[in-house]
Amino acid sequence: GILPLAVFHHADPVRAKQEALRHLGWTHPGPKMAGAATLIIDLLLAVLGGTPLEAAMTAAAERQDNPLMGRPFRRWLGDADEDVIGPRLSTACYVEHAIPAVLYLALKYHDAPEKALIVNTNLGGDNAARGAVLGALLGAENGLDGFPRRWIDGLKNPPPALFPE
């Protein structure tokens, strides 16, 4: 639930972060989860504020204020995804692996959201949770036009405000 709260309040980043972290505290308390959420919220808000995702991630990596950014993501970009997620980063839901997996995929496929989400799905494991966070970051970067219309067409109840006829 933190992603919709952050997006809803994105015009007021302080409130967005406060509301998202308050909700997280009710469902997933603890410093490890708060640190992961803070990183994702900061990235999401930066991108919604106009900073390109790659630049926001680079800045976060340079600050080194979150241990989840301490992976050699750029070195891994030339490797096969299944050599990164699985052997180096678990496909399980452990936040210390799941968030770096999302960050790796977001960096590698920041300009190709369809491919990123398909790759994430095919990697297995806790791909639904990774996909939600990855989709939010890529949606903030690429907007609705970054996703194929065929993913919306055929839904019984597509969001009418976002996809007018």
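Structural data are supplied above this passage.
Residues numbered from 1 in each chain as written. Predicted model: local features only at pLDDT ≥ 70, side-chain atom pairs only at ≥ 80, totals over all residues. Heavy atoms only, no water.

A.B. asks: Looking at this model, I keep getting lost on the nonpolar core. Mind explaining?
C.D. replies: Counting 44 residues, the largest nonpolar core has Leu39, Leu43, Ile99, Leu103, Leu105, Leu134 and Leu137 as its most contacted members. Sequence-distant contacts of Leu105, defined by excluding residues within four places in its chain, comprise Ile85, His110, Val119, Asn120, Leu123 and Leu134. (Core = buried A, V, L, I, M, F, W, Y, C linked by side-chain atoms within 4.5 Å. Buried < 20%, exposed > 50% of the residue type's maximum accessible area, 1.4 Å probe, protein only. Contact = heavy atoms within 4.5 Å.)

A.B. asks: Help me understand the side chain of Asp81 in this model?
C.D. replies: Residue position: Asp81 is located in helix α6 (residues 81-84). Residue classification places Asp81 among the buried residues on the basis of a relative accessible area of 7%. One polar contact links Asp81 to Tyr109, side chain to side chain, over a distance of 2.5 Å. Setting aside anything within four residues of it in sequence, one finds Asp81 in contact with Tyr104, Lys108, Tyr109, Val119 and Leu123. (Helix = DSSP H or I, 4+ residues; strand = E, 2+ residues; numbered from the N terminus. Polar contact = N/O pair within 3.5 Å; in protein donor to acceptor, adjacent residues only side chain to side chain.)

A.B. asks: When you look at the packing of helix α2 (residues 13-27) against helix α3 (residues 31-48) in this model, what are you seeing that I'm missing?
C.D. replies: For the pair α2 and α3, the least separation of the axes is 10 Å and the interaxial angle reads 150 degrees. Overall, the two elements α2 and α3 adopt an arrangement that is roughly antiparallel. In this structure, α2 meets α3 at a crossing whose hand is right-handed. Residues Pro13, Ala16, Lys17, Ala20, Leu21 and Leu24 of α2 pack against Met33, Ala34, Ala37, Thr38, Ile41, Asp42 and Leu45 of α3. Its residues assigned to classes, the contact of α2 with α3 comprises ten nonpolar, one polar and two charged. (Axes fitted to C-alpha atoms, helices over the stretch in contact; angles between N-to-C directions. Parallel < 35°, antiparallel > 145°, perpendicular 65-115°, else oblique. Left-handed = near helix turned anticlockwise from the far one by under 90°. Nonpolar A, V, L, I, M, F, W, Y, C, P; charged D, E, K, R; others polar.)

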